[in-house]
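One-letter residues, chain by chain:
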Amino acid sequence: MKQPLAGRIAALVGIFMLALALRAAALVVAPLLPEAGPALGFNSASTGLLAMLAPGTFAVFGFFAPALIKRLGLERALAVSITLAVVGQVLRVFMPNVWSYLALSIVALAGYGIGNVVLPPLIKKYYPDRLALVTAIYVTLISIGTAVSPLFAVPIAQATNWQFSMAIWALLSLVVAVPWAIQLAQDRRVERLTGKKRPDDPFATSATPAKINPFRSPVAWGLAIFLAGNSAQTYVYFTWIPLYLVEHGFTPGEAGTALAYFAILALPVSLLVPLWLPKLKKPFYAILLFTVLWIVGHAGMYFSPENGTWLWITFSGLGQATFATALLMINLRSRTTRGASVLGGFSQGLGYAGACAAPFLFGIIRDATGGWGASFATLGVCVVVMLVGATMISPKRYIEDVS
């Protein structure tokens, strides 16, 4: 039975605003490195470390987030997320060197790492009757946020400076707090008037296990492996494609536009996947199609970067449907809000931990070999890893089945 939308609008706005903000802090940096890098003292090693920072921090705080949610509740955990994100983004641009800059970047990314895990159970709590639709829109908005910051990073920096271009995205995170403050006030008002509190877990029953052990769940391991393979490819692109294209004759502005185009291509698939995939008996075949898109894009970018560049980015960009699939599976392979937070934390914790090594190794191998061939071969390994995870999450089973 569908619930009335009244009383949930602020939560919906809050979910969507958070989705927009989740990637800005990480992705605004790469297009600005040609200017910010020399000022802060970045070299090849620290650039590789920067590439590891987002997935590495997401991994650590992905593991930490379910315990925080259990202790504070979803909304208070979200408040911690927003605070860390805003403080880290604003303060890092005032840092005098690369190491202090990276330290404050960790603070900002920690906030978003918690936000990554909080979002799926928030949707399950406030919109249990419209999971597919709300998930489709929220994944699409993550893609919009992913595209917007690299697209405007260089123009804003040219009009002001690179520090302002990086810090301005903190406002987006700060705005997230407004609809959630309204929603919490509204929830308290309804509770006073009716004596009824909105259930933290509308799907929980007496049969729901009190403790969920993700280490014993094939679904949790499969989703972690799948997310690792997917995210590794994505973070390699976000970190190295601008520099790769500049080396092959593109200007920094053109390379930033190419990265933004790659991110924008996630929009149509992000909207389509959550509406289409739940209807399939065997999601694996859809994932296989998305994987072929990745493979064609990688091969084209390596063998013909100057000719057909936009075509190859189109293939890889549409391959990002695998990321939308991973986020969707957090709710499709959990029965409860608690299950979604545990599955999201475990899969994102391990998944991003696995992914963080890929962009770092990509750069190290590039420096060691003096070419790009061996580095691009690591993307083939990521594809194989992703497909292994896909076979594990395709059968219809749930994390709560193993406790």
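Thresholds, definitions, all that
- Residues numbered from 1 in each chain as written.
- Predicted model: local features only at pLDDT ≥ 70, side-chain atom pairs only at ≥ 80, totals over all residues.
- Heavy atoms only, no water.
- Helix = DSSP H or I, 4+ residues; strand = E, 2+ residues; numbered from the N terminus.
- Expected span 1.5 Å × (residues − 1).
- Buried < 20%, exposed > 50% of the residue type's maximum accessible area, 1.4 Å probe, protein only.
- 1 Å grid on protein atoms, 1.4 Å probe; cavity = no way out; pocket = protein on both sides within 12 Å on 5 of 7 lines; lining within 4 Å.
- Points joined across faces, edges and corners; volume = space filled by probe spheres on them.
- Nonpolar A, V, L, I, M, F, W, Y, C, P; charged D, E, K, R; others polar.
- Salt bridge = Lys/Arg side-chain N within 4 Å of Asp/Glu carboxyl O.
- Contact = heavy atoms within 4.5 Å.
- Disulfide = S-S within 2.5 Å.
- Patch = residues over 30% accessible without salt bridge, like charges linked within 9 Å, V, L, I, M, F, W, Y side chains within 5 Å.
- Areas by Shrake-Rupley, 256 points an atom, 1.4 Å probe, with all protein chains shown as cover.
- Phe/Tyr/Trp six-rings, centres within 6.5 Å; stacked < 30°, edge-to-face > 60°.

## Side note on helix H5 (residues 74-92)
Thought 1: If you check H5, its first and last C-alpha atoms are 27 Å apart, about what 19 residues at 1.5 Å a residue would give, namely 27 Å.
Thought 2: Within H5, burial applies to Leu74, Glu75, Ala77, Leu78, Ser81, Ile82, Ala85, Val86, Gly88, Gln89 and Arg92.

## A word on empty space enclosed by the protein
Thought 1: All chains considered together, the criterion is met by five cavities of 30 Å³ or more.
Thought 2: Approximately 210 Å³ is the volume attributed to the largest cavity.
Thought 3: Around the largest cavity, the lining is made up of 20 residues, and of these Ala26, Val29, Leu50, Ala51 and Thr239 lie nearest the centre.
Thought 4: Counting only elements with at least two residues in the lining of the largest cavity, the list comes to helix H2 (24-27), helix H3 (29-40), helix H4 (44-72), helix H6 (98-126) and helix H10 (218-247).
Thought 5: With six residues, H4 is the largest single contributor of residues to the lining of the largest cavity.
Thought 6: Here the lining of the largest cavity is composed, by residue class, of 16 nonpolar, three polar and one charged.
Thought 7: Quantified by volume, the second largest cavity comes out at close to 160 Å³.
Thought 8: Every residue lining the second largest cavity is counted, 14 residues in all, and those nearest its centre are Arg23, Thr146, Thr234, Phe238 and Phe323.

## Examining the pattern of salt bridges
Thought 1: Counted by the stated rule, this structure contains four salt bridges.
Thought 2: With a shortest N-O distance of 3.1 Å, Glu247 and Arg366 are connected by a salt bridge. In this pair, Glu247 sits in helix H10 while Arg366 sits in helix H16 (residues 337-369), placing the two residues 119 residues apart along the sequence.
Thought 3: A salt bridge links Arg335 to Asp401, with the shortest nitrogen-to-oxygen separation between them at 2.5 Å. One end of the pair, Arg335, is in the loop between helix H15 (321-332) and H16; the other, Asp401, is in the segment after helix H17 (373-393), and 66 residues separate them in sequence.
Thought 4: With a relative accessible area of 39%, Arg335 lands in the partly exposed category.

## Some thoughts on the environment of Val118
Thought 1: Tracing the backbone through its elements, the reader meets Val118 in helix H6.
Thought 2: Once residues within four sequence positions are removed from consideration, Val118 is found in contact with Ile69, Leu74, Ala77 and Leu78.

## Quick look at the state of the cysteines
Thought 1: Going through the model one piece at a time under the given rule, you end up with zero disulfides.
Thought 2: Between Cys356, a cysteine without a disulfide, and Cys382, which holds the nearest cysteine sulfur, the sulfur-to-sulfur distance is 12 Å.
Thought 3: Judged by its relative accessible area of 12%, Cys356 falls in the buried class.

## So, a nonpolar patch on the surface
Thought 1: Taken together, Val87, Val90, Leu91 and Phe94 make up a surface patch of nonpolar side chains, about 350 Å² in accessible area.
Thought 2: Positionally, Val90 belongs in helix H5.
Thought 3: Classification of Val90 as partly exposed rests on a relative accessible area of 33%.

## Looking at the environment of Phe360
Thought 1: Locating Phe360 in the fold gives a position in helix H16.
Thought 2: Its relative accessible area of 27% is what places Phe360 among the partly exposed residues.
Thought 3: Sequence-wise, Phe360 and Val236 are 124 residues apart; in three dimensions their C-alpha atoms are separated by 8.4 Å.
Thought 4: In contact with Phe360, other than residues within four places in its own chain, are Ala45, Gly48, Leu49 and Met52.

## Re the packing of aromatic side chains
For any pair of aromatic rings, the description consists of the separation of the ring centres together with the inter-plane angle of the planes.
Thought 1: A full pass over the atoms with the stated rule returns 24 aromatic pairs.
Thought 2: Ring plane angle 75° and centroid distance 5.5 Å describe the contact between Phe238 and Phe262, whose orientation is recorded as edge-to-face. Placement of Phe238 in helix H10 and of Phe262 in helix H11 (residues 252-264) is noted, with a sequence separation of 24 residues between them. Residues Phe238 and Phe262 agree in their burial class; the two are buried.
Thought 3: Both rings, one in Phe362 and one in Trp372, keep their centres 5.9 Å apart while their planes meet at 45°; by these two values the pair is tilted. Pair noted here: Phe362 is in helix H16 and Trp372 is in the loop between H16 and H17, with a separation of ten residues, a long-range link. Across the pair, exposure class does not vary: Phe362 and Trp372 are buried alike.
Thought 4: One aromatic cluster is present, built from ring pairs that chain together Trp240, Tyr244, Tyr302, Phe303, Phe362, Trp372 and Phe376.

## What about H3?
Thought 1: Taking 1.5 Å of rise per residue, twelve residues should cover 16 Å, yet H3 covers just 12 Å from first to last C-alpha, more than 12% shy of that figure.
Thought 2: Looking only at H3, the buried set comprises Val29, Ala30, Pro31, Leu32, Leu33, Ala36, Gly37 and Leu40.

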